[in-house]
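# Summary of structural features
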Amino acid sequence: MYFFRALTVLPPLPPAIDALPAMAKNFWWSWEPGADAVFRWLDEELWENLHHNPVALLLTLPQEKLTAAAQNPEYLEIYEEYRRRFEDYLSQPTWFSRTFPDKQDRVIAYLSAEFGIHECLPIYSGGLGLLAGDHLKAASDLGLPLVAVGLLYKFGYFNQEINPEGWQEARYPLLNFHKMPISPVTGSDGRELEVPVELSSQTLCWTVFLRIWEARIGRVRLYLLDSDTTRNRVEDRQLTGSLYGGDHEMRLVQEVLLGIGGVRALRTLGITPAVWHINEGHAAFSVLERMRELVSQGLDLETAREVVRASTIFTTHTPVPAGHDIFQAGLLSCYLDRCCPESGLNWESFLGPAYDPGRNGFNMTLLAHKHAAYTNAVSRLHGETTRRMFSHVYPGIPAHEIPVKTVTNGVHIETWLAPEWVERFNRLAGSSWRTPQNDPAAWEKIAQMSAAEIWSVRKELKAKMIDRCRARLLQQRQRYYASPTQQEEIETYLPPDVLTVVFARRFATYKRANLLLRDKERLARLVNDPEQPVQFIFAGKAHPADRGGQEIIKQIYDLGQTEPFKGKIIFVEEYDIQTARCLVQGADVWLNTPRRPLEASGTSGQKAVLNGTVHLSILDGWWPEAYNGENGFAIGRGEVFPDEELQDYYDSLALYEVLEDVVVPAYYRRTHGVPRDWIEIIKNGWRSVPHLFNTGRMVKEYASRFYVPLMERSTYFIENNFEAARRLSDFKRYVVQNWPAVEILKVTADRPPIPTAGDTLDVTAVVKLGPIQPRDVAVEVYLGKVKDRFLVEPEGFPLALAESLGENTYRYTGTLALTQGALGFTVRVRPTHPDLADPFEVPLLTWAPEF
């Protein structure tokens, strides 16, 4: 094989439209309402065939079309309008620059294994990637100084085809990066930049080189790493082949390249982040590389660990331990054996806090969590689930105090809102519904839209969705040479006046796409009701290794091929961002049936509500925070059973009950042809969901609660030759070594004979601290309401040091005001230090014995 360098050569553009290449190479056009007209106008059919890829469009268009466009007044008006908007967007002051003017040069690095930016950059598999893409767009809108790093997969995730037997088949088309809205990064000498990552076992060392590509997401830069370069061995060029492809060993190597390579890529680009955001555990090896850098500079390992922790936030999205990557020591040794030879330390020294004894391996979620000042879950319920899941890491510490925060996910409104709504929202509320304003009052104004107008738009969007679904079904049948009759009958599928329920998402088994199929007789009655029929559209991909998910796809496909379900239950193949937009915008009902509490957040329902699609869901993920009884429908009441079969049986009954008794009658109840009760649900959805469950709010929350405090914390830990980091490292070592000596010897409480609300409780505790000093502990009364032998809604109230009793023993006292109810209290001691990010960053706690 010989070396060659590829070039992307665009046609010469007339001066009147010479900003097109810059606009094509920035994904801003993909979410700015109407901006895609700059490209669509040039050749609409070609634009559709190229999956809305502006770079491929410019490379394909004949010169005469571009010349004609540059002379067409209609096109020039469109072009000039969006060229001006684009330039204004990049130059105008932002929310972040106005709110934190002194932090504009403090860079935030966001690392993720996948990014769902647009259908023409298919390096995403599902919700994690779409959330990451929406995060970058909101960060751009808000003006955060954020850069992102991921991997560039030359086969993407996979393209899904359903064969005539109903089985999913995975196709891996080779992506031509030079025809995509990304560019290779070059150095001052014009050569493409590459980052070396050394891999090593006890017997072999070799280097993988990663080429750096850049995608521009408005103001944000996304850097993507690609191992398909001629400097690499043939087998190493496949390492960034496909997202979540290959075996467990391939997963490990990809995570090493993302984490270690991601840090090195930013260093190569001259970018020094003040904050590092690890989006899920795939990028956890970034902390290893950052510690290695510090240790190589002469810092001891534990101090380096504190420096890294002081500038890191970790977002976890996985609510079950089985979903976290675990790597065995033997496999890690094959790639990291000499990761830091200059320090004399091995990889186990660096990764020690990630060891999970229950699973006999190194846990990437724990690696990220243990090296982050802040860890957050992505909904309130997910926060509760995650804290329970981490309870073995924090023995004896109450679940609600385990250091996991919550930032509920949202969606990027401009990306997911149908164009048909944009002009109407602008008419009613100006631009105040958009990121970054997103004023709740704007959504109240939008909810004043007339029922007739809302229903008219809903019918229009539904018709577009049905047309697209029929086109996909026709394409599928033509691929397998279906007869003319079989092709023609598709036109009778999915009549637009029938209530249409859509289930579209990743086909993981816990999402229970087949929950409806548990009672086929009842389902048949629903879809064949002569007056109030229901039809169902399913879409989604199962991981190629997930046989259970693929079997569910086949169940649904097979059912839709038989009477009485034919044409009334369909499966649409190749669920991508474009299809997702169409479905969330056009469905009547968006169905979500995860097995609670396994849905970390879920955001597709938020996109649906935004577009006037009514949400019908298990009370899991984000929905318990949003559902108010008037803005959608709930399946069940949040019940959780220990047995999965019982859970599925109960939830299927609840689903049929709400469909038959509530959803279907509300949809078909009409006044002068308009379902006014249904429209009221849509309006209540607008009033309650978009202003809260959007990435503008979400990223503002990240910035205010985590990014900016971490900017300050990281500076504090670095200055004066890492003084604060050394001090905190010494403190942790000191309290861990001496904590076994801590003991609560005696607790007394003086209380009234008949306590009454407003009375006080005087508490005294005698505490033995051993070598630990009183300034290094907090002694607290832990007070709460008694329920089922537990304290609920507890709070800790500090006791004050009253006197030293000698022999490292101290008396603490305090007074509590009593409130009405059945109360219980105890006393506890925990370490405290002004530089701890969380009271239980050091997971030590001593409780009082019986008193």
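The structure under discussion appears in the preceding block.
The paragraphs below set out a description of the structure included in this document. (Residues numbered from 1 in each chain as written. Predicted model: local features only at pLDDT ≥ 70, side-chain atom pairs only at ≥ 80, totals over all residues. Heavy atoms only, no water.)

## A look at the overall build of the chain
When helices and strands are tallied, the chain shows 28 helices and 29 strands. For the chain, the C-alpha radius of gyration of 29 Å lies close to 29 Å, the compact-globule estimate for 851 residues. Each principal axis of the C-alpha distribution contributes one length, and for the chain these read about 95 × 70 × 50 Å. Of all 851 residues assigned to the chain, the portion counted as buried reaches 60%. Looking at the chain alone, contacts between residues at least 24 apart form 73% of all its contacts between residues at least 6 apart. When the accessible surface of the chain is totalled, it reaches about 33900 Å², and 51% of it is carbon and sulfur. Taking the 90 positively charged and 107 negatively charged side chains of the chain as two groups, their mean positions are separated by 1 Å. (Helix = DSSP H or I, 4+ residues; strand = E, 2+ residues; numbered from the N terminus. Rg over C-alpha atoms; globule rule 2.2 N^0.38 Å. Buried < 20%, exposed > 50% of the residue type's maximum accessible area, 1.4 Å probe, protein only. Contact = heavy atoms within 4.5 Å. Areas by Shrake-Rupley, 256 points an atom, 1.4 Å probe, with all protein chains shown as cover. Lys, Arg positive; Asp, Glu negative; His and termini not counted. Charge placed at Lys NZ, Arg CZ, Asp CG, Glu CD.)

## Quick notes on the packing of helix α19 (residues 451–479) against helix α23 (residues 577–586)
Their axes nearest at 8 Å, the elements α19 and α23 cross at an angle of 140 degrees. One way to sum up the angle between α19 and α23 is to call them oblique. Along this stretch, α19 crosses α23, giving a crossing that reads as left-handed. Of α23, the residues touching α19 (which contributes R458, L461, K462, K464, M465, R468, C469 and R472) are Q578, T579, C582, L583, Q585 and G586. (Axes fitted to C-alpha atoms, helices over the stretch in contact; angles between N-to-C directions. Parallel < 35°, antiparallel > 145°, perpendicular 65-115°, else oblique. Left-handed = near helix turned anticlockwise from the far one by under 90°.)

## What about the sheet that holds strand β28 (residues 823–831)?
Within the open sheet, the 4 strands sit side by side as β25-β24-β28-β29. Their pairing is antiparallel. Each having just a single partner strand, β25 (790–798) and β29 (846–847) make up the two edges of the open sheet. (Pairing = 2+ DSSP bridges.)

## Details of the sheet that holds strand β19 (residues 589–592)
Within a sheet, adjacent strands bond to each other through the backbone by hydrogen bonds, running parallel or antiparallel. Taken together, 6 strands build an open sheet; the order of strands is β18-β17-β16-β19-β20-β21 and the sheet is parallel. Looking along the sheet, the strands with just one partner apiece sit at the ends: β18 (569–572) and β21 (633–635). Direction aside, neighbouring strands of the sheet carry axes that sit 20 degrees apart on average. Both strand β17 (residues 534–539) and β18 contribute to a ladder of 4 bridges, which runs parallel. Each bridged residue has a counterpart across the sheet, and for I537 the counterpart in β18 is I570. Contacts from helix α26 (residues 644–668) reach β16 (499–504), β17, β19, β20 (614–618) and β21, with the element oriented near 160 degrees to β21.

## Concerning the nonpolar core
Taken as a class, soluble globular proteins show a tendency for nonpolar side chains to be buried jointly. Ranked by size, the top nonpolar core spans 173 residues in total, and within it L136, L144, F285, L336, Y707 and V827 carry the most contacts. By residue number, the principal contributor to this core is helix α28 (residues 695–738), which donates 16 residues. In this structure L144 touches W95, F96, I108, A139, V699, A703 and Y707, once residues within four positions along its chain are discounted. In terms of nonpolar packing, the next biggest core, distinct from the first, is built from 93 residues, I466, L473, L515 and A542 among them. (Core = buried A, V, L, I, M, F, W, Y, C linked by side-chain atoms within 4.5 Å.)

## Quick word on the pattern of salt bridges
Counted by the stated rule, this structure contains 71 salt bridges. Close ionic contact of K462 with D588 constitutes a salt bridge, the shortest N to O distance being 2.5 Å. With K462 in helix α19 and D588 in the loop between α23 and β19, the pair connects residues that are 126 residues apart, well separated along the chain. Per residue, the accessibility class of K462 equals that of D588, and both read buried. Where R775 meets D776, a salt bridge forms, and the shortest distance between an N and an O atom there is 3.9 Å. Among the charged side chains, a network of salt bridges with common partners joins E32, E81, R84, R85, D88, E414 and R434. (Salt bridge = Lys/Arg side-chain N within 4 Å of Asp/Glu carboxyl O.)

## With respect to the packing of aromatic side chains
On inspection of all chains with the given rule, the structure shows 42 aromatic pairs. Where F39 meets W47, the ring centres are 5.8 Å apart and the plane angle is 15 degrees; that geometry is what we call stacked. For the pair formed by F39 and W47, the shared burial category is buried. A centroid spacing of 5.5 Å and a plane angle of 85 degrees characterise the contact between F425 and W686, whose relative ring orientation is edge-to-face. On the criterion of sequence distance, the pair formed by F425 in helix α17 (residues 419–429) and W686 in helix α27 (residues 676–688) is long-range, its members being 261 residues apart. As far as burial versus exposure is concerned, F425 and W686 are alike and both buried. Here a set of aromatic residues connected by ring pairs shows up, and it is made of W421, F425, W433, W443 and W686. The positively charged end of K541 is found above the aromatic ring belonging to F158, 5.1 Å away from the centroid. Just above the ring of W416 sits the side chain of K607; from NZ or CZ to the centre is 4.0 Å. (Phe/Tyr/Trp six-rings, centres within 6.5 Å; stacked < 30°, edge-to-face > 60°. Lys NZ or Arg CZ within 6 Å of the ring centre and 35° of its normal.)

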